[in-house]
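Coordinate analysis (summary)
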Amino acid sequence: KAAANILSMNSIEVLYDNVMLAIKGVSIQVPKGGMVALLGSNGAGKSTTLKAISGLLKAERGRVSRGEISFDGSVITDLPAQQRVEMGICHVIEGRRVFEHLTPDENLEAAAPMAMNRATLKTEKQRIYEYFPRLAERKNSQAGYLSGGEQQMLAIGRALMTQPRLLMLDEPSLGLAPFLVAEIFSIIKKINKEQRLSVLLVEQNALAALEIVSDGYLIENGRVVMHDTAQALKANSDIQEFYLGGG
Ligand code: ATP
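Let me sum up the structure you'll find in this document. Computed from a prediction, not measured in an experiment: that's the story for all the values here. (Residues numbered from 1 in each chain as written. Predicted model: local features only at pLDDT ≥ 70, side-chain atom pairs only at ≥ 80, totals over all residues. Heavy atoms only, no water.)

**So, the pattern of salt bridges**
In plain terms, the rule: Here a salt bridge means any side-chain nitrogen of Lys or Arg lying within 4 Å of a carboxyl oxygen belonging to Asp or Glu. Numbering of helices and strands runs from the N terminus, with a helix taken as a DSSP run of H or I at least four residues long and a strand as a DSSP run of E at least two residues long. Relative accessible area decides the class of each residue, using a 1.4 Å probe on protein chains only: under 20% of the type maximum gives buried, over 50% gives exposed, and in between gives partly exposed.
All chains considered together, the criterion is met by 11 salt bridges. The salt bridge partner of K125 is E109, with a shortest N-O separation of 2.5 Å. Placement of K125 in helix α4 (residues 118–131) and of E109 in helix α3 (residues 104–111) is noted, with a sequence separation of 16 residues between them. Of the residues examined, K125 reaches a relative accessible area of 10% and is grouped as buried. E211 is paired through a salt bridge with K234; the nearest N and O atoms lie 3.4 Å apart. Here E211 is found in helix α8 (residues 206–212), whereas its partner K234 is found in helix α9 (residues 230–235), with 23 residues between them in sequence. By relative accessible area, K234 is classed as partly exposed at 28%. Connected through shared salt-bridge partners, K32, D72 and R165 make up one network.

Given below as structure tokens:
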């Protein structure tokens, strides 16, 4: 029987360098086809949570020291990162990494799985350009000359080329003008709805994130201190005071 949650993280602890306890028993759930936000300030443990899910902790001398993570019903806690990618877990790390010397078109092609045939490659690129018309306009210029917002769109486009089942985005709004944040977030929402793609969004910009997710978790000092619907979180006075103030 298929699980209702595509992702289920239960009481996860993460240690860096065997001493630094970065998250201390975090439990989060992402429903199939759902869209969930992880909110919290700098250093709260949001990126670490995503790395525990994608398996990127190892590269930073981190490890899950307790708890269990399931993806679509299978335990993935200790699987190699590459295997998780093949299962459909895609992690767009903070800082919009793209190949600056390649064009957006080449960037998208480079992100496609080896096994993807020419025809599928073409349809997939077309689908991404439909979601991001700005990228289509600039598909043959060097990616290094794109604006920050366009590079973030390209980073998301590259993620979509892997045909993920869970898309995890770390701070996609970082350093972007508010109108661009709104544009990118509405595209993410559209993709979530139309493709039924499950999304886990890490954001310091709680105001923007709570506009598009169904529910959110607030992380402080490596612990989930609040979990509620987006509507309830927006109405919460602590959230308003500490996380919505600056926008
Ligand atoms: P940010 O938005 O700054 O990335 P965050 O909420 O994502 O914040 P994390 O990056 O997950 O927070 O960091 C959580 C804690 O783990 C912090 O105290 C941080 O200093 C520590 N930490 C993160 N990465 C490492 C690492 N590679 N080695 C040791 N400690 C780390």
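Next comes the rest of the description.
**Brief notes about the environment of G175**
If you trace the backbone, G175 turns up in the loop between β7 (166–170) and α7 (178–195). The exposure class assigned to G175 is exposed, which follows from its relative accessible area of 75%. A sequence separation of 80 residues divides G175 from G95, and the C-alpha atoms of the two residues are 9.3 Å apart.

**Topic: the site of the ligand**
Applied cut-off: Only heavy atoms are used to decide nearness, and a residue is near a molecule or strand if one of them lies within 4 Å of it. Polar contacts, as counted here, are pairs of nitrogen or oxygen atoms within 3.5 Å of one another; within protein the pair requires one atom able to donate a hydrogen and one able to accept it, and residues that are adjacent in sequence qualify only if both atoms are side-chain atoms. Note on areas: Shrake-Rupley, 1.4 Å probe, and residue coverage restricted to the protein chains presented here.
In the vicinity of the ligand lie 15 residues, with N42, G43, G45, S47 and T48 positioned nearest. In this structure, S47 approaches the ligand through a main-chain N or O atom, which is 2.6 Å from an oxygen atom. For the ligand, the protein covers 70% of the area, taking 630 Å² as the surface of the free molecule. Elements with a minimum of two residues in the shell around the ligand: β2 (20–31) and α1 (46–54). Looking at which element gives the most residues to the shell around the ligand, the answer is α1, with three residues.

**Overview of the nonpolar core**
Our working rule: For our purposes a nonpolar core is just a set of buried Ala, Val, Leu, Ile, Met, Phe, Trp, Tyr and Cys residues, chained together by side-chain atoms within 4.5 Å.
One finds F132, L167 and F185 to be the most contacted residues of the largest nonpolar core, which totals 50 residues. Ranked by size, the runner-up nonpolar core spans 29 residues in total, among them I6, A44, A52 and M168.

**Quick notes on the sheet that holds strand β4 (residues 62–71)**
Applicable threshold: One requirement defines pairing of two strands: DSSP has to find at least two bridges between them.
Strand order in this open sheet of four strands is β2-β1-β4-β5, and the pairing throughout is antiparallel. Single-partner strands in this sheet number two, and they are β2 and β5 (74–75). Across eight bridges, the pairing between strand β1 (residues 5–16) and β4 is antiparallel. The residue bridging N10 from the neighbouring strand is E68, located in β4.

**Looking at the sheet that holds strand β9 (residues 215–220)**
The line we're drawing: All axes are obtained by fitting lines to C-alpha atoms, using only the stretch in contact for helices, and the reported angles, taken between N-to-C directions, cover 0 to 180 degrees. In what follows, a contact means two residues having at least one pair of non-hydrogen atoms within 4.5 Å.
Overall, mixed pairing links the six strands, which are arranged β6-β7-β8-β3-β9-β10 in an open sheet. Single-partner strands in this sheet number two, and they are β6 (89–92) and β10 (223–229). On average, each strand axis in the sheet is tilted by 15° relative to the strand beside it, whichever way the strands run. Strand direction decides the pairing type here: β7 and strand β8 (residues 198–203), joined by five bridges, are parallel. Bridge assignment links L166 to a residue of β8, and that residue is S198. Across the sheet, α1 is in contact with β3 (35–39), β6, β7, β8 and β9; its angle to β7 comes to roughly 150°. Running at roughly 155° to β8, α7 makes contact with β3, β7 and β8 of the sheet.

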